[in-house]
Amino acid sequence: MLQDPAEITPAKIRIAAMDLLTGREYSRAELATKLNKRFDSHTSIDQVLVQIAEEGLQSDKRFTEAYIRSRIYRGHGLNRIRQDIRQKGVADELVAVALEEADIDWFELARDVAERKFGLRKSESQRSSTDHAASQKEKAKRMRFMQYRGFSYDQIKYALDSSVDDDSFDHSID
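Since the model is a prediction, treat every value here as computed from it, not as a measurement. (Residues numbered from 1 in each chain as written. Predicted model: local features only at pLDDT ≥ 70, side-chain atom pairs only at ≥ 80, totals over all residues. Heavy atoms only, no water.)

(A) Fine view of the overall build of the chain. From N to C terminus, the chain includes nine helices and zero strands. Starting at the N terminus and walking to the C terminus, you meet the elements of the chain as α-α-α-α-α-α-α-α-α. Of all 174 residues assigned to the chain, the portion counted as buried reaches 34%. Summarising the internal contacts of the chain: among those between residues at least 6 apart in sequence, 67% fall at separations of at least 24. (Helix = DSSP H or I, 4+ residues; strand = E, 2+ residues; numbered from the N terminus. Buried < 20%, exposed > 50% of the residue type's maximum accessible area, 1.4 Å probe, protein only. Contact = heavy atoms within 4.5 Å.)

(B) Highlighting helix H1 (residues 10-23). Between the first and last C-alpha of H1 there are 21 Å, a value that for 14 residues agrees with the 20 Å anticipated at 1.5 Å per step. Every buried residue of H1 is accounted for by Ile13, Ala16, Ala17 and Leu21. When H1 is viewed along its axis, its buried side chains cluster within an angular range of 135° and face the same direction. Across from the buried face of H1, at angles greater than 90 degrees, the exposed residues are Ile15, Asp19, Thr22 and Gly23. Buried residues belonging to H1 abut helix H2 (28-38) and helix H3 (45-54). (Expected span 1.5 Å × (residues − 1). Arc of directions from axis to C-beta.)

(C) Expanded view of the packing of aromatic side chains. With the rule as written, the count across this model stands at three aromatic pairs. Relative to tyrosine 67, the ring of phenylalanine 63 lies with its centre 5.6 Å away and its plane at 35°, an arrangement referred to as tilted. Of this pair, phenylalanine 63 and tyrosine 67 both sit in helix H4 (residues 60-73), four residues apart, which is roughly one turn of the helix. Tyrosine 67 shares its class with phenylalanine 63; the two are buried. (Phe/Tyr/Trp six-rings, centres within 6.5 Å; stacked < 30°, edge-to-face > 60°.)

(D) Spatial organisation of the side chain of histidine 76. You can see histidine 76 is positioned in the loop between H4 and helix H5 (78-86). In this view, histidine 76 contacts Arg71, Ile81, Asp84, Trp106, Leu109, Arg149 and Phe151; residues no more than four positions away in its chain are not counted.

(E) Region of the structure containing unusual backbone geometry. A positive phi angle is found at aspartate 40, which is not glycine, with a value near 50°. Relative to the assigned elements, aspartate 40 resides in the loop between H2 and H3. Positive phi values are uncommon outside glycine, yet serine 41 reaches one of about 50°. On the secondary structure map, serine 41 appears in the loop between H2 and H3.

(F) Highlighting the packing of H4 against helix H6 (residues 92-102). Between H4 and H6, whose axes approach to 10 Å, the crossing angle comes to 50°. Classified by the angle between their axes, H4 and H6 sit oblique to one another. Handedness of the H4/H6 crossing: right-handed. Taking contact as the criterion, the partners of Asp60, Lys61, Thr64, Glu65, Ile68 and Ile72 in H4 are, on H6, Leu94, Val95, Ala98, Leu99, Glu101 and Ala102. Its residues assigned to classes, the contact of H4 with H6 shows seven nonpolar, one polar and four charged. (Axes fitted to C-alpha atoms, helices over the stretch in contact; angles between N-to-C directions. Parallel < 35°, antiparallel > 145°, perpendicular 65-115°, else oblique. Left-handed = near helix turned anticlockwise from the far one by under 90°. Nonpolar A, V, L, I, M, F, W, Y, C, P; charged D, E, K, R; others polar.)

Structure below.
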């Protein structure tokens with residue numbers, strides 16, 4: 001949808017940006033990429049992006065907060081969220097502040113995700129000895145799933161360890 005450069009005006013670029021922002025929040029980098037593609041890297045794009053950011057119509061802070069909330073709701077861990085949001089062009093400092101403000105217990109989130117995905121596990125005493133190889137294979141499969149979701153080894157161990165009593169495990173990070 002490239003237009004003749006003579007027809008491109010800052011007003012048209014602004015309208016396109018506003019149309020995109022109507023659907024969902026975008027990071028500045030994402031919005032710039034989309035506008036550069038649509039308007040063949042027109043010189044007015046940066047000016048329009050600065051203007052809509054100053055007016056509060058586009059905000060990387062708001063985008064980051066919404067993105068983190070949506071990923072937590074989907075059951076993604078800290079590592080996955082950081083990796084995905086980095087690809088959206090958001091500054092690491094902004095991500096760190098938003099994650100701190102989100103105040104998430106990653107261990108409990110990991111446990112909730114594991115319970116939703118795998119259900120409650122049988123205790124070790126309920127398994128027969130013939131199940132050992134199959135259970136090791138299943139445990140490895142579950143660990144890979146949780147790693148893909150972005151949880152740390154300690155969070156995964158907490159989530160999958162059926163012998164841990166909820167009240168006796170200290171999962172605080174020093």
